[in-house]
Amino acid sequence: MTNNLKFNIFALHPDFRDYILSNKDYIKSHIDELDIDGLYNNIEIYNKIHDIDITPRLTRLLYNIDIDPLDYLTKVPTSFMDSVWVEMDLILPENITAIGEFAFADSWIKSISIPTSCEYFDERIFYNCSKLNYIYYKGTYDEFNRIRKEKRWRSDIGSSSPIWIICTDEKVKL
């Protein structure tokens, strides 16, 4: 498990409860098979059909049952940790190749470690991340600059302190 996160306060939101009740066999089979990618794809469809976003609740649930979803995904899903208000340092494993829009929006991550395998940043991945101070990149600054990034990938970070990108060869203020 890359990140050993536990969310002590985990309220079962009515929309998330409805999702679990209406899809319990499907969810159980995907968890049993550790098909976490399939589970997030299913919840993304459910979100669109019901015009809600319960993705971060799935993330909390998986961490609480000792499954780090990042270990099984290639892309950090849209709204992965949206509004997760627990201070944390997050490590993305080497299997991550992309970060979806608003992946960490309004969360309390303090730092994030990004592997060299990551090739794409979607829009506003750190939207309103007021506690974010450090983005650690496991490669060089030139390699970081070669990551394909949407124009507004860093828009609206919302931190009151400077945010640093720390690469293996350079430290740069964002």
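Above: the structure in question.
Residues numbered from 1 in each chain as written. Predicted model: local features only at pLDDT ≥ 70, side-chain atom pairs only at ≥ 80, totals over all residues. Heavy atoms only, no water.

S.K.: Could you clarify how one ought to interpret unusual backbone geometry in this entry?
M.R.: Most peptide bonds take the trans configuration, and most residues that are not glycine carry a negative phi. Of note in the backbone geometry, Asp51 takes a positive phi value of approximately 55° without being a glycine. Following the sequence through the fold, Asp51 ends up in the loop between α3 (36-50) and α4 (55-64). Asp51 sits in the exposed class, given a relative accessible area of 73%. (Helix = DSSP H or I, 4+ residues; strand = E, 2+ residues; numbered from the N terminus. Buried < 20%, exposed > 50% of the residue type's maximum accessible area, 1.4 Å probe, protein only.)

S.K.: Looking at this structure, I do not really get the side chain of Asn23. What am I missing?
M.R.: Here Asn23 shows up in the loop between α1 (14-22) and α2 (24-32). On the basis of relative accessibility, which here comes to 19%, the residue Asn23 falls in the buried class. Those residues in contact with Asn23, other than ones at most four positions away along the chain, are Asn42 and Tyr46. (Contact = heavy atoms within 4.5 Å.)

S.K.: Help me understand α3, please; the structure alone is not making it clear to me.
M.R.: In an α-helix, one turn spans 3.6 residues, which is why side chains three or four residues apart end up on the same side. Spanning 15 residues, α3 covers 21 Å between terminal C-alpha atoms, matching the ideal 21 Å at 1.5 Å per step. Of the positions making up α3, those classed as buried are Ile36, Gly38, Leu39, Tyr40, Asn42, Ile43, Tyr46 and Asn47. On the buried face of α3, the contacting elements are α1, α2 and α4. Just downstream of α3 lies Asp51, where phi reads positive at about 55°. (Expected span 1.5 Å × (residues − 1).)

S.K.: What should I look at first to understand the nonpolar core in this one?
M.R.: Looking at soluble globular proteins, one finds that nonpolar side chains tend to be buried together. The biggest cluster of nonpolar side chains holds 49 residues, and the ones touching the most others in it are Met81, Leu90, Leu92, Ile99, Phe104 and Phe126. Contributing elements (two or more residues each) for this core: α1, α2, α3, α4, β2 (88-91), β4 (109-114), β6 (134-137) and α5 (141-146). Looking at this core element by element, the count peaks at 5 residues for α3. Discounting residues that sit within four places of it in the chain, Ile99 has contacts with Val76, Leu92, Phe104, Ile114, Cys118, Tyr120, Phe121, Asp122 and Ile125. (Core = buried A, V, L, I, M, F, W, Y, C linked by side-chain atoms within 4.5 Å.)

S.K.: Would you take a moment to explain the pairing of β4 for this structure?
M.R.: Within β4, 5 of the 6 residues are buried, which leaves the element mostly enclosed by the surrounding structure. Examined bridge by bridge, β2 and β4 share 4 bridges and lie parallel to one another. Its bridge partner lying in β4, Asp89 is registered against Ser111. Where β4 meets β6, 4 bridges bridge the pair, whose relative direction is parallel. Looking at β6, one finds that Ser111 is bridged to Tyr134. (Pairing = 2+ DSSP bridges.)

S.K.: In this structure, what is going on with the pattern of salt bridges? I would like to understand it.
M.R.: Here the idea is simple: oppositely charged side chains can pair when their charged atoms come close. Enumeration according to the criterion identifies 5 salt bridges in this entry. Measuring nitrogen to oxygen at the nearest pair gives 3.5 Å for the salt bridge that ties Lys131 to Glu87. Here the residue Lys131 occupies a position in the loop between β5 (120-121) and β6, and Glu87 occupies one in the loop between β1 (75-76) and β2, the gap between them amounting to 44 residues. Judged by its relative accessible area of 46%, Glu87 falls in the partly exposed class. A salt bridge links Arg124 to Asp156, with the shortest nitrogen-to-oxygen separation between them at 3.3 Å. Here the residue Arg124 occupies a position in the loop between β5 and β6, and Asp156 occupies one in the loop between β7 (148-149) and β8 (164-166), the gap between them amounting to 32 residues. (Salt bridge = Lys/Arg side-chain N within 4 Å of Asp/Glu carboxyl O.)

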